[in-house]
Amino acid sequence: MSPNDTTIVGVATGTPDGGVAIVRLSGPQARSITETIVGPLAAPRVLARRQLRDGSGVGDDALVVWMPGPRSLTGEDVVELHVHAGRLNVQRVIASLIERGAIAAGPGEFTRRAFEHGRLSLEQAEGIAALIAAQTDAGVEQARRLIAGELGREVESLRAAVGELRGEVEANLDFPEDIAAGDVRRWREEIAGFEATLGGWTRRFAAGQRMRERPRVVIAGPPNAGKSALFNALLQQSRAIVSPVPGTTRDYVEAELWIGGREVRLVDTAGLRDGSDAIEVEGIARSREQIEGAEVVLWVEAADSIEETVVLEGPRVIVVENKIDLGRRRAAWIGVSARSGDGMSALRAVIEETLRGPVEEPWIGLARHRDRAEAAVKALGDARAELEHEGLLEIAAFLLGSAERELGEITGRSALGPVGDEVLTRIFARFCIGK
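About the thresholds
Residues numbered from 1 in each chain as written. Predicted model: local features only at pLDDT ≥ 70, side-chain atom pairs only at ≥ 80, totals over all residues. Heavy atoms only, no water. Phe/Tyr/Trp six-rings, centres within 6.5 Å; stacked < 30°, edge-to-face > 60°. Helix = DSSP H or I, 4+ residues; strand = E, 2+ residues; numbered from the N terminus. Buried < 20%, exposed > 50% of the residue type's maximum accessible area, 1.4 Å probe, protein only. Lys NZ or Arg CZ within 6 Å of the ring centre and 35° of its normal. Pairing = 2+ DSSP bridges.

Let's talk about the packing of aromatic side chains
What describes a pair of aromatic rings is the distance from one ring centre to the other and the angle between the planes of the rings.
Right, so step 1: For the coordinates displayed, the defined rule picks out 2 aromatic pairs.
Right, so step 2: Aromatic side chains Trp 201 and Trp 363 sit 5.8 Å apart centroid to centroid with 10° between the ring planes, which places their arrangement in the stacked category. Note that Trp 201 is positioned in helix H7 (residues 181-203) and Trp 363 in the loop between helix H11 (344-356) and helix H12 (367-388), a separation of 162 residues in sequence. We note that Trp 201, like Trp 363, is buried.
Right, so step 3: Where Phe 205 meets Trp 363, the ring centres are 6.5 Å apart and the plane angle is 65°; that geometry is what we call edge-to-face. Note that Phe 205 is positioned in helix H8 (residues 205-212) and Trp 363 in the loop between H11 and H12, a separation of 158 residues in sequence. Residue Phe 205 shares its accessibility class with Trp 363, and that shared class is buried.
Right, so step 4: Taken together, the ring pairs connect Trp 201, Phe 205 and Trp 363 into an aromatic cluster.
Right, so step 5: A cation sits over an aromatic face here: Arg 330 above Trp 333, 5.1 Å from the ring centre.
Right, so step 6: Lying over the aromatic face of Phe 398, Arg 405 brings its terminal NZ or CZ to 5.8 Å of the ring centre.

Structural data, given as structure tokens:
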């Protein structure tokens, strides 16, 4: 029995512990299986009240709707049961449906069926997973743009242009002596334009990735600089222990912080010095690891410190002088007082600006899309080189076809062949059950 001959069932809502849970079936027997526990269904796309009968008598009330394929989420017959939530109640409903012939859905199986039936392109399906996993407002926005097909339209437009040029080159294979120098020059220029477009996508990938992920802002510096006090002041709550005794922070402490409408991970680390015991030495080593993995480092020193310390340098290092209520020593640094709150607004503004980085429009593609785009750039570059050095037109045409196939893998619009079942399995395995 092929997968599309089966009817799958799963919980479509995020958790069965809310007020209402949606149990979804998809497949050729979705309607008939459901009717065995609720009786005849209403007309398509009409949400109707039904009583569940699970074999132990009259059960719970439910609102039930069925949506015949191909105009449904998955392109198959789909039924949704809106039942009272509660883990045990939902499990009983699903168990009743499985007893009557449904099969428990695997991760991403509903979305995969939607892709296989042409209801979604592959990058749109990945956008659904990205939306569920989004950790930032920008991540939500980029995922929604993926789902809306924005990337797919750009990719398909470029793929069509590459395919048109490949067809023109192939049409001249039998009569190479009739090819004018101007035609070859135009072909090279067109390919260079394709490369520039793809290069822009991949160049902006890092900007999009930064905006999708939750960055780490690490507070570092020597002992007694007031790092934990600054950590608490940024959070506006007492989260880390504050003490005048050097080496109080033995391990890093982290918490979530919102800055400029973006969630970041704020990390307080142990003071950097020559440790006096094994535990402190380990804490300092962990501090260095946190610094290496940070998007932004707040290097903090106290205004009353007379020691000269090594200050980190780089575009994502913000130097902060704490305890300015005791006086200023470093006029070029950002001055704050974690105790009084002076300078905290200015520090938050600088953190927000540093996290934003260079002003560059992000590319909404994910890592897999970037990899395919880079492979297409390589194939296009090789094709252009063949034309520049009077190479074989057959090779140039083949390389243009390779670029076309790489672009097709982004959207998966060339059916399952060029993408491959292994790739699809790996993509949809990252989805949650019920999606």
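Read on for the rest.
Description of the sheet that holds strand E7 (residues 216-220)
Right, so step 1: Read from one edge of the open sheet, 6 strands run E8-E9-E7-E10-E11-E12, paired in mixed fashion. Two strands lie at the open edges of the sheet, namely strand E8 (253-259) and strand E12 (334-335), each paired on one side alone.
Right, so step 2: Examined bridge by bridge, E7 and strand E10 (residues 296-302) share 4 bridges and lie parallel to one another. The partner of Ala 220 across the bridge, within E10, is Trp 299.

A word on unusual backbone geometry
Right, so step 1: With an omega dihedral of 5°, the bond running from Gly 69 to Pro 70 counts as a cis peptide bond.
Right, so step 2: In this structure, Asn 224 is a non-glycine residue whose phi angle is positive, near 60°.
Right, so step 3: If you trace the backbone, Asn 224 turns up in the loop between E7 and helix H9 (227-235).
Right, so step 4: Using a relative accessible area of 35% as the deciding quantity, one classes Asn 224 as partly exposed.
Right, so step 5: A positive phi angle is found at Lys 323, which is not glycine, with a value near 65°.
Right, so step 6: Judged by its relative accessible area of 23%, Lys 323 is partly exposed.

Shape descriptors only; they carry no functional weight alone.
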